[in-house]
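Below, each chain spelled out in residue letters.
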Amino acid sequence: MFASEEDALAAAEELYGEYQVFSNALGQSGWADPTGFQEYLSGDALEDELDGAEALNSKGYRQVGDTTFDTTSVQQLADFGSGTVEITIYLCSDVTAVDVVDRDGISIVSAARPARQSLEVTMNDSEGSLKINRRDAWSGTSFC
Amino acid sequence: MVWHKLLLILALAVPTLLGAGLGGGCASASELTTGCINGGGVDVIATSGGPGSPGGSGSGASGGSAASGPPVIWKCLQVTCGSESPGAAPITLSDIASFRPNPGVQYMQPDGWTVPGLDTNFYAVTDVHVVDGTLLGQPASVRFTPVGFHWTYGDGKAANLPTKGATWQTLGVGEFDSTPTSHIYANEGEYTIRLVIDFAPAYRFAGSPFYPIAGVIPLPANDLHITVDGAKTVLVEHDCAVNPTGPGC
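Residues numbered from 1 in each chain as written. Chains lettered and ligands numbered in written order. Predicted model: local features only at pLDDT ≥ 70, side-chain atom pairs only at ≥ 80, totals over all residues.

Here we come to the confidence of the model for chain B. Residues and elements named next belong to chain B. In the predicted model, chain B carries a mean pLDDT of 70, and the fraction of residues at 70 or more is 58%. Here residues 1-27 scores under 50 on pLDDT; set against residues more than four positions off or in separate chains, the count is 63 contacts. Of the regions scoring below 50 in pLDDT, residues 39-89 engages in 140 contacts with residues more than four places distant in sequence or in other chains. As scored by the predictor, the complex reaches a pTM of 0.46 and an ipTM of 0.77. (pLDDT = per-residue confidence, 0-100. Contact = placed C-beta atoms within 7 Å.)

And the structure:
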C-alpha cells in the first residue's frame, strides 16, 4: 500500500493530525459529541476516547488550548496481505498549552502533569481506511 | 493482584477522593489532566493532603499548588483490566522526594598523598539501603541502590564508573597497582576529588514487592584532598620509625 517508509509515515502523520484537530475541537466544546472519533479511531483507541469524553463531559469540564504533536518516527510497518497494513509510530504529544477547567473556570489540571509524553500509536486499515487502533504511553526511555 | 490491593488501600484511605477523579472504565480521560495515559488499564486518581474537590495550579507542568487550601497531590495508578503487567511504575522521583538516600563516603589509597605516574586507588563505601516513610499517605519503603559513580579528580580528568571500587587489600593487589577505580595523576599539585553517586530507587507499599522508579538520584559524597608530590621527595621525607604508615613502610 505504501511505496516507502516515508510514505507510510506521511500517511500516519496526516491521520494523527486530523485526529488531533478533531480531539482539540471536541475538548474545547466540552466533549459534547465524540461520535466523530469513529472517523479516525477504531478498537481500543476508540473505546478509550469515547469513555474519556463521556467522563469529562459528565463533569462539565472543558479544554482550553490545543494539544500538539511532533518528533514522529516509524517503529514498525506490517503488511498482512490482502491489502491490510499496520503502521506503528512513535510521537511526542505536547499538552503544554492545554488547560482543563471546570464549570467555574477553575483548572483541574494536576501540577505534576508532564508537558510532553512519548506515545506509541498503532494504525491499520482493516476497516477499509487507515484508523488509529492503539494509542499508548511508551514505557521505554522517553524520546521527548 | 498487587495492583488491586493497592487500589483497595488507597480507596480505604481516601474514600472521597476517588469520586473526584475520572476513573471508571478503561478511559483515557485523565491524559489531559494528570498525564496518565492508559494502556488497557483503569486510571484511578488518588489524591492526598487536599480537600475533596480537586485543586490545581492551572495549565502546564510547573510545580506549585492551588492558591487556596493545602497542596493537592494527584497520582494516577494504573490498575490492570486484563492480563497486562503493571508496566511502567506509576510512582515518579518527585513522589519520593521526602525519602533521602544515605550519602556514600569515598576514600583513597594512599591516604591523602600520591606520586605522579602511579595509580591512586579511589573507592566508595555505600550499599543498597531501604528508607521508610509515607507515600501517597500510606506507609511505604524506598530502596536505594548505588548504580553509578562519577569521579572528578581535580586535574581536569573525570570517570563515570559502574563500580564503587575497593581497597587494594580487598582486591588482592599490591600498592599502586591499577584497579577499576584507580587514577593516575600526571603532575604534582594539590587536588580535590569529588564523587557523585547515582542511586536507583524502587518503592513498595506494605506487603508488596519493590517496583523500580524511573531515573536516578545523584548525591554527592565527601570531598577528598590530595597532594601529588614527586617520588623522590615523598620517599626521603618519611622515616618508617617516625611514620609507620608512610610510603614503603
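Back to the text.
With that settled, consider the sheet that holds strand β2 (residues 68-79) of chain A. Residue and element names in this part refer to chain A. As summarised here, the arrangement of the 4 strands in space is β2-β3-β5-β6, forming an open sheet in which the pairing is antiparallel. Of all strands in the sheet, those bounded by a partner on one side alone are β2 and β6 (131-137). Strand-to-strand twist of the sheet, defined as the mean angle between neighbouring strand axes without regard to direction, takes the value 20°. In the sheet, strand β5 (residues 116-124) pairs with β6 via 6 bridges, with the strands oriented antiparallel. Across the sheet, residue T122 finds its bridge partner in β6, namely R134. Contacts from helix α1 (residues 5-28) reach β2, β3 (85-94), β5 and β6 within the one sheet, and its direction differs from that of β2 by about 130°. (Pairing = 2+ DSSP bridges. Helix = DSSP H or I, 4+ residues; strand = E, 2+ residues; numbered from the N terminus. Axes fitted to C-alpha atoms, helices over the stretch in contact; angles between N-to-C directions.)

This part takes up α1 of chain A. Residue and element names in this part refer to chain A. Taking 1.5 Å as the rise per residue, α1 with 24 residues should run 34 Å; its terminal C-alpha atoms sit 34 Å apart, in good agreement. A8, A12, L15, Y16, Y19, S23, L26 and G27 are the residues of α1 that are buried. Considering only its buried residues, α1 is in contact with α2 (43-58), β1 (62-64), β2, β3, β5 and β6. Residue G30 follows α1 closely and has a positive phi angle near 85°. (Expected span 1.5 Å × (residues − 1). Buried ≥ 20, exposed ≤ 12 C-beta atoms within 10 Å, placed from the backbone.)

With that out of the way, let us pick up the nonpolar core. Of all hydrophobic cores here, the largest spans 25 residues; its most connected members are I193 and L195 of chain B. Residue assignment for this core shows that the elements contributing at least two residues are β5 (119-125), β7 (138-152), β10 (189-205) and β13 (224-228) of chain B. Looking at this core, the element that brings in the most residues is β10 of chain B, giving 6 residues. For I193 of chain B, the contacting residues outside a window of four places in its chain are F122, W151, Y153, G154, D223, L224 and I226 of chain B. Among the nonpolar cores identified, the runner-up in size contains 19 residues, and Y19, L41, A45 and M123 of chain A belong to it. (Core = buried A, V, L, I, M, F, W, Y, C linked by C-beta atoms within 7 Å.)

Cis peptide bonds are those with omega within 30 degrees of zero, and the linkage from Q109 of chain B to P110 of chain B qualifies with -5°. Here P110 of chain B is to be found in the loop between β3 (105-109) and β4 (113-114). A positive phi angle, close to 55°, is found at T71 of chain A, a residue other than glycine. With respect to the helices, strands and loops of the structure, T71 of chain A is situated in strand β2. Even without glycine at this site, F176 of chain B takes up a positive phi of about 65°. Relative to the elements of secondary structure, F176 of chain B occurs in the loop between α2 (168-171) and β9 (182-184).

All names here are of chain B. Pairing within the open sheet is antiparallel, and its 3 strands lie in the order β3-β5-β9. Only two strands of the sheet have a single partner each, and these edge strands are β3 and β9. Across the sheet, the mean angle separating the axes of adjacent strands is 30° when strand polarity is ignored. The pairing of β3 with β5 spans 5 bridges and is classified as antiparallel. Counterpart to Y107 in the pairing with β5 is Y123.

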